[in-house]
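Below are the chains, spelled out letter by letter.
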Amino acid sequence: MPVDSPYADLLDRIPVRERSVSVFGVETAFWEYGDTDAATTIIAVHGFRGDHHGLEPVVAQLDGFRVISPDLPGFGSSAAFTDRPHDITGYAAWLEEFIRTLDLSGRIVVLGHSFGSIVVSAAVAGGLRPDDLVLVNPIAAPALEGPRGILTRLAVFYYQAGAWLPERLGFGLLKNGAIVRVMSVTMAKTKEPELRRWIHDQHARFFSAFADRSVVLEAFRASVSHDVSEYAAQIPTRTLLIAAERDDITPVAAQHVLAKKFADASLHVIPGVGHLIHYEEPVAAAGFLRDFLAEESTGA
């Protein structure tokens, strides 16, 4: 039985519409929250193995904005690519075409969490021009060099095993509930029992919603082979970085180094949280986002 979300009451107050659009010949599912006439639209791109549900706790704090949250191709309810690999180049091109297809007006903000931070950074470095860029838990340096690089190496072995095994066994390994729980326990930093229970339930329900093992393997290789620092110097867009003090994938020191690579970036570090800002500290993240957008609109 699903665990009730601590953010459900706020989210229920925001109108939501499930939609889909064809991008590169395959259907991209996306969820549109808030008023369609809002002056600002935020395109929110989730992380590796997730789907749009992961960013809903942040969306719940963004009343007054229009938020469009797609499932990355091959994950959640979006179809997998048929003509390109599920790598950074493919996802960056998809994001640019997705936004072009929606033909949006007004102020456009692009937000990426974790793996999504690499995707959106690559897209903006490649020519996508939103008004603002927001990176939550940005992958600031190679994941294999992070505070728990040994766990990343174990993950590499896990995904390689998923590829080497016969298809049925490999697919079962990649969706194994016990392994997903270990990942969830490792990433969660909160001491609140009910919040931890909900986080584990979210991962159990949505962390294995991928089309097939080739999709998840391609995306995993992309996630550990690239990071935002590769693209930062080519990004002219005003950028907000929302990082975590206890992130196991990217240390805080690397986030400060990353911020200096952008033409115009500000960095906020949330204490006591790890790679799950969107689950554990969505109020703080949304607060930094609101302040960032208000500064621009007032010319501060």
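Further up the page is the structure itself.
A brief report on the enclosed structure follows. The model shown is predicted, which means the values in this text are computed figures rather than measured ones. (Residues numbered from 1 in each chain as written. Predicted model: local features only at pLDDT ≥ 70, side-chain atom pairs only at ≥ 80, totals over all residues. Heavy atoms only, no water.)

**Points about the overall build of the protein chain**
Turning to step 1, where the next piece is worked out: What the protein chain contains, in helices and strands, is 12 helices and eight strands.
Turning to step 2, where the next piece is worked out: Computed over C-alpha atoms, the radius of gyration of the protein chain comes to 18 Å, within 12% of the 19 Å expected from 2.2 N^0.38 for 300 residues, which places it in the range of a compact globule.
Turning to step 3, where the next piece is worked out: Overall, the protein chain is about 55 × 45 × 40 Å in size when its C-alpha atoms are taken along their principal axes.
Turning to step 4, where the next piece is worked out: Scored against the burial criterion, the 300 residues of the protein chain give a buried share of 55%.
Turning to step 5, where the next piece is worked out: Across the protein chain, contacts joining residues at least 24 apart in sequence account for 75% of those joining residues at least 6 apart.
Turning to step 6, where the next piece is worked out: Accessible surface, the protein chain as shown: approximately 12700 Å² in total, 53% of it carbon and sulfur.
Turning to step 7, where the next piece is worked out: With 26 positive and 37 negative side-chain charges, the protein chain shows a separation of 6 Å between the mean positions of the two kinds. (Helix = DSSP H or I, 4+ residues; strand = E, 2+ residues; numbered from the N terminus. Rg over C-alpha atoms; globule rule 2.2 N^0.38 Å. Buried < 20%, exposed > 50% of the residue type's maximum accessible area, 1.4 Å probe, protein only. Contact = heavy atoms within 4.5 Å. Areas by Shrake-Rupley, 256 points an atom, 1.4 Å probe, with all protein chains shown as cover. Lys, Arg positive; Asp, Glu negative; His and termini not counted. Charge placed at Lys NZ, Arg CZ, Asp CG, Glu CD.)

**Side note on the nonpolar core**
Turning to step 1, where the next piece is worked out: Ranked by internal contacts, the top residues of the largest apolar core, which has 60 residues, are I43, F75, Y91, L95, F98, F115 and Y159.
Turning to step 2, where the next piece is worked out: Looking at which element gives the most residues to this core, the answer is helix 3 (residues 88-102), with eight residues.
Turning to step 3, where the next piece is worked out: With near-sequence residues (within four places) excluded, Y91 lies in contact with L72, P73, F75, F81, H86, F115, V119, V215 and A219.
Turning to step 4, where the next piece is worked out: Core analysis: the next-biggest nonpolar cluster, separate from the first, contains 38 residues, V67, M187, I199 and A244 among them. (Core = buried A, V, L, I, M, F, W, Y, C linked by side-chain atoms within 4.5 Å.)

**Things to note about helix 7 (residues 177-187)**
Given 3.6 residues per turn, any residue in an α-helix points the same way as the ones three and four places further on.
Turning to step 1, where the next piece is worked out: When we look at burial in helix 7, the residues that qualify are V180, M183, S184 and M187. Buried positions in helix 7, seen along its axis, are confined to an arc of 95° and lie on one side of it. Relative to its buried face, helix 7 has exposed residues pointing more than 90 degrees away, namely A178 and V182.
Turning to step 2, where the next piece is worked out: Regarding helix 7, its N-cap is N176, as a side-chain oxygen of that residue lies 3.0 Å from the backbone nitrogen of A178 further along. (Arc of directions from axis to C-beta. Polar contact = N/O pair within 3.5 Å; in protein donor to acceptor, adjacent residues only side chain to side chain.)

**Focus on the pattern of salt bridges**
Turning to step 1, where the next piece is worked out: Counted by the stated rule, this structure contains 10 salt bridges.
Turning to step 2, where the next piece is worked out: Residue R238 is joined to D132 by a salt bridge in which the shortest nitrogen-to-oxygen separation is 3.2 Å. Of this pair, R238 sits in the loop between helix 9 (213-225) and strand 7 (239-244) while D132 is found in strand 6 (residues 132-136), placing the two residues 106 residues apart along the sequence. No difference in accessibility class separates R238 from D132, as the two residues are buried.
Turning to step 3, where the next piece is worked out: Linked by salt bridges that have partners in common, R17, R19, E32 and R66 make up one network. (Salt bridge = Lys/Arg side-chain N within 4 Å of Asp/Glu carboxyl O.)

**Focus on the packing of aromatic side chains**
Turning to step 1, where the next piece is worked out: Tallied over the full model, the rule gives 12 aromatic pairs.
Turning to step 2, where the next piece is worked out: When the centroid spacing of 5.5 Å and the interplanar angle of 45° are considered together, the rings of F81 and Y91 count as tilted. Here F81 is found in the loop between strand 4 (66-70) and helix 3, whereas its partner Y91 is found in helix 3, with 10 residues between them in sequence.
Turning to step 3, where the next piece is worked out: The class for F81 is buried, based on a relative accessible area of 7%.
Turning to step 4, where the next piece is worked out: What makes Y91 buried here is its relative accessible area of 0%.
Turning to step 5, where the next piece is worked out: For the pair Y158 and Y159, a centre-to-centre distance of 4.8 Å together with 65° between the ring planes defines the contact as edge-to-face. Of the two residues, Y158 and Y159, both sit in the buried class.
Turning to step 6, where the next piece is worked out: One aromatic cluster is present, built from ring pairs that chain together F48, F75, F81, Y91, F115, Y158, Y159 and F220.
Turning to step 7, where the next piece is worked out: Here the basic side chain of R84 rests over the ring of F24, its NZ or CZ set 3.7 Å away from the ring centre. (Phe/Tyr/Trp six-rings, centres within 6.5 Å; stacked < 30°, edge-to-face > 60°. Lys NZ or Arg CZ within 6 Å of the ring centre and 35° of its normal.)

**What about the sheet that holds strand 3 (residues 40-45)?**
Turning to step 1, where the next piece is worked out: Strands sit in the order 1-2-4-3-5-6-7-8 across an open sheet of eight strands; the sheet is mixed. Each edge of the open sheet is held by one strand with a lone partner, namely strand 1 (16-23) and strand 8 (265-270). Across the sheet, the mean angle from the axis of one strand to that of its neighbour is 20°, orientation sign disregarded.
Turning to step 2, where the next piece is worked out: Where strand 7 meets strand 8, six bridges bridge the pair, whose relative direction is parallel. Each residue of the ladder has a partner; that of I242, found in strand 8, is H268. (Pairing = 2+ DSSP bridges. Axes fitted to C-alpha atoms, helices over the stretch in contact; angles between N-to-C directions.)

**Examining the side chain of R66**
Turning to step 1, where the next piece is worked out: One can find R66 in strand 4.
Turning to step 2, where the next piece is worked out: The exposure class assigned to R66 is buried, which follows from its relative accessible area of 12%.
Turning to step 3, where the next piece is worked out: The residues touching R66, leaving out its near neighbours within four places in the chain, are R19, E32, Y33, D35, T36, A38, T40, T41, I42 and L104.

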